[in-house]
Structure formats: C-alpha cells, structure tokens
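# Results of the structural survey
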Amino acid sequence: MGDYQDFCEAYGGCASDPDFMDNWLAEYAGDDSIKSHISKFDYTDLIAKYKLTSNEVQQIRSYMNIYCEHDFKNQKDANGFITNENRWDEFPDIRSLNEHGSYTNVPGILPKFYRITCEILDITKGNGAPLTKATKY
C-alpha cells in the first residue's frame, strides 16, 4: 500500500479516501471519449450563439443523449437507431430528410443542427457522402 499511499499524498489525497482515485481520474486522466465531450458540453450558450429556441436546444440535448447512451461512433448510427425505433417525432424542430448523392430521403437532422452536434462531439468532418439537400419535415 505504500506506493498507492505515496501516490495519493503526491496529489493531495489520502489512501483511505474511497473517492480519491475517481476524483483524480476525472481531473488528470483527460478522458477524450465521446461521452466525455457530451457530458462536459455547456448547452446554455447555444441559444444565443446559434439563435435557437429552447425546444431546439432540448431536442439537440435529447439527440446527444441517445448518441451517448448507445455508444454510437457516428451520427449515421444514431440516425439509424432513431429511425428503427420510430422516434423522429421526438425531434420535430431539428429533423430533416437528407440527400447524399444517390442516397435520398435519409432521415437525419438539418445542417445547422448537424454543425452544432459536431461541435458538441468535437469533430470537424465526417466521412460520409456530402449532403446535397436537406428538407425539414
């Protein structure tokens, strides 16, 4: 236990503190996972920054929660899940039917909200086919 005790003391903790390691990991481990980006994102600035309604922000948050809860690696998977579960009615303000070249009427979200979700996920570019048209429905 000496090494662990020394480690704890070096970081201002105590080996008998059951929460010390969790707190240390949260502060120093630098979790870059998708869940981490989603959980740390401050949704309060979205209304002013993107001129959104509170309903739109709530729908973005719900969309991101689905993404996180199911450990999706890309938005295509999240959109597929929402489609398969027939849940697009939960997203009336952000949903769209998208065209990606030969792929038409693919359920997803409008480009404005796609950009916001990319910001939340801290990604700059997807690897899917470019969007050619998006129609709100």
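Heads up: the structure comes first, above all this text.
So, here's what we can say about the structure. For every chain, the first residue of its written sequence is number 1, and the numbers climb from 1 along that sequence. Restriction of local features to residues with pLDDT of at least 70 applies here, the model being predicted, together with a cutoff of 80 or more for giving and counting side-chain atom pairs; totals for whole chains, interfaces and linings are based on all residues. Side-chain descriptors were evaluated using all non-hydrogen atoms of the structure, hydrogens and water having been removed beforehand.

### Re the overall build of the chain
Helix and strand counts for the chain come out as seven helices and three strands. Reading the chain from its N end, one meets helices and strands in the order α-α-α-α-α-α-β-β-α-β. Taking all 137 residues of the chain together, the buried fraction comes to 30%. Should any heavy atoms of two residues lie within 4.5 Å, those residues are counted as being in contact. In the chain, the share of contacts with a sequence separation of at least 24, taken over all contacts with a separation of at least 6, comes to 53%. Residue exposure ignores everything except the shown protein chains as possible cover, and the areas themselves are Shrake-Rupley values with a 1.4 Å probe. When the accessible area of the chain is evaluated, it comes to approximately 8900 Å², of which 49% is carbon and sulfur surface. Helix numbering and strand numbering both begin at the N terminus, where a helix is a DSSP run of H or I of at least 4 residues and a strand a DSSP run of E of at least 2. Working definition: with a 1.4 Å probe on protein chains only, accessible area under 20% of the residue-type maximum means buried, over 50% means exposed, and in between means partly exposed.

### Here's the deal with the sheet that holds strand β2 (residues 103–109)
At least two DSSP bridges between two strands are required for those strands to pair. As summarised here, the arrangement of the three strands in space is β2-β1-β3, forming an open sheet in which the pairing is antiparallel. The sheet is open, and its two borders are formed by β2 and β3 (133–136), each paired with just one other strand. This sheet shows a mean twist of 30 degrees between the axes of neighbouring strands, independent of strand direction. With five bridges connecting them, strand β1 (residues 95–100) and β2 associate as antiparallel partners. Note on β2: the bridge partner recorded for R95 is I109. Fitting a line to C-alpha atoms yields each axis, with helices limited to the stretch in contact; the angle taken between N-to-C directions then spans 0 to 180 degrees.

### Some thoughts on the nonpolar core
By size, the foremost hydrophobic cluster in this structure holds 25 residues, and its most contacted members are I38, Y43, I60, Y63, M64, F113 and I120. Those elements that provide at least two residues to this core are α5 (54–69), α6 (75–84) and α7 (111–121). With seven residues, the top contributor of residues to this core is α5. What makes a nonpolar core is a set of buried Ala, Val, Leu, Ile, Met, Phe, Trp, Tyr and Cys residues whose side-chain atoms join them at distances within 4.5 Å.

### As for the packing of aromatic side chains
Note on ring pairs: Phe, Tyr and Trp rings are taken, using the six-membered ring of Trp, and paired if centres are within 6.5 Å. Classes follow the plane angle, with under 30 degrees stacked, over 60 edge-to-face and the rest tilted. Counted by the stated rule, this structure contains five aromatic pairs. Here F41 and Y43 contribute two aromatic rings whose centre-to-centre distance is 5.2 Å and whose plane-to-plane angle is 80 degrees, an arrangement assigned as edge-to-face. No difference in accessibility class separates F41 from Y43, as the two residues are buried. For a lysine, the NZ atom is tested; for an arginine, the CZ atom; a charge sits over a ring if that atom is within 6 Å of the ring centre and within 35 degrees of the ring normal. It is R95 that lies over the ring of Y137; its NZ or CZ is 4.2 Å from the centre.

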